[in-house]
Amino acid sequence: MERVAVVIRKTNETEISIKLNIDGVGKAKLDYPIGFMSHMLNTFARHGLFDVEITASGDLEVDQHHLVEDTGIVLGQCFAKALNEKKGITRCGSCLFPMDETLARAAVDISGRPFLFFDGQLSGVPLIAAGASSKSAGTDGKEFQFQTDTIDDFWQGFVSAAGCNLHLEILRGRSDHHKIEALFKAAARALRAACEIDQRAGDSIPSTKGSLPGFSQGVLV
């Protein structure tokens, strides 16, 4: 059975459509107005071997918080919907990912219980892309600044909607770009492992309770 989901979220602040195929090959089709996040979402798809199609717009004239956080929510909703009852999945996964001077660690349990531990060791200084287009920047200026503090909001939105327990931390590093990217790569690979079908488990649900809360139980935010 295909593990595919489509979720559309429209509010007064953002409009986001995501299609997810958990059992993909890592293809990403993105129409996303924040260049750095587009890079992270593409990285997430590639390392998780998830196929994703994302179209998004939002009130970037306010700031980037609404769009980044809501993207995490919708992506999490897609995982909850595609996994459905979570029959036969491995459920847990982890990854230790090195990226140059940076070392990131991710561990996930698709338990139905949302919890995020996030220690990104980020400086709080925005990342700047010189010469970005006004469409990418969401402004009329020639510089595009990415608000790195929104990364915590992205993952908080993701775990709340996906119903998973996710620990993300930087063990060491210098560059905020490397720290964020290593976290996305580690999270993607941990999720990929957790979503894999356990051939020994058959179609059983990996819980002594006999069920795991999911999309049908109203995890959606």
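Worth saying up front: this structure is predicted, and the values here are computed from it rather than measured. Counting starts from 1 at the beginning of each chain's written sequence and moves along it residue by residue. Where totals are concerned, whole chains, interfaces and linings use all residues; where local detail is concerned, this predicted model gives features only for residues with pLDDT of at least 70, and gives and counts side-chain atom pairs only at 80 or more. Hydrogen atoms and water are omitted, and side-chain values are computed over all heavy atoms in the structure.

1. Structural notes on the sheet that holds strand β2 (residues 14-21)
Heads up, the rule is: Two strands qualify as a pair provided DSSP detects at least 2 bridges between them. Secondary structure counts use DSSP, requiring at least four H or I residues in a row for a helix and at least two E residues in a row for a strand, with both numbered from the N terminus. The axes are straight lines fitted to the C-alpha atoms, using for helices just the contacting stretch, and the angles between their N-to-C directions are given from 0 to 180°.
With mixed pairing, four strands are arranged side by side in an open sheet as β1-β2-β4-β3. Because the sheet does not close on itself, it has two edges, and the strands there are β1 (4-10) and β3 (28-31). Neighbour-to-neighbour, the strand axes of this sheet turn through a mean angle of 5 degrees, independent of strand direction. Where β2 lies against strand β4 (residues 51-58), eight bridges are found, and the strand directions are antiparallel.

2. Focus on helix α1 (residues 35-48)
Let me state the cut-off plainly: Every helix has an expected span of 1.5 Å times one less than the residues it contains. Buried residues are those whose accessible area, probed at 1.4 Å on protein chains only, stays under 20% of the maximum for their type, while exposed residues exceed 50% and partly exposed ones sit between those limits.
Helix length check: α1, at 14 residues, gives a terminal C-alpha distance of 20 Å against a target of 20 Å (1.5 Å per residue), a fit within 8%. Residues of α1 that are buried include every one of Phe36, Met37, Ser38, Met40, Leu41, Thr43, Phe44, Ala45, His47 and Gly48, and no others. Just downstream of α1, Leu49 is the residue with a positive phi angle, here 55 degrees.

3. Structural notes on the pairing of strand β6 (residues 102-109)
Among the eight residues that make up β6, six are buried, leaving the element largely enclosed by the rest of the structure. Judged from the eight bridges that link them, strand β5 (residues 92-99) and β6 form a sheet pairing that is antiparallel. Looking at β6, one finds that Met99 is bridged to Thr102.

4. Focus on the packing of aromatic side chains
Definition in use: Aromatic pairs are defined between Phe, Tyr and Trp rings, using the six-membered ring for Trp, whenever the two ring centres lie within 6.5 Å; interplanar angles under 30 degrees are classed as stacked, those over 60 as edge-to-face, and all others as tilted.
Using the criterion set out here, one finds 10 aromatic pairs in the structure. Where Phe36 meets Phe146, the ring centres are 4.8 Å apart and the plane angle is 40 degrees; that geometry is what we call tilted. Linking Phe36 in helix α1 with Phe146 in strand β9 (residues 143-146), this pair joins segments that are 110 residues apart in sequence. When its relative accessible area of 9% is taken as the criterion, Phe36 is described as buried. Note on Phe50 and Phe79: the rings are 5.1 Å apart at their centroids and 90 degrees apart in plane angle, and the pair reads as edge-to-face. With a gap of 29 residues between them, Phe50 in the loop between α1 and β4 and Phe79 in helix α2 (residues 65-83) connect regions that are remote in the sequence. This pair shows no difference in class: Phe50 is buried, exactly as Phe79 is. Members of the aromatic cluster, connected to one another through ring pairs, are Phe44, Phe50, Phe79, Phe154, Trp155, Phe158 and Phe184.

Functional significance is not addressed by these values, which are geometric in nature.
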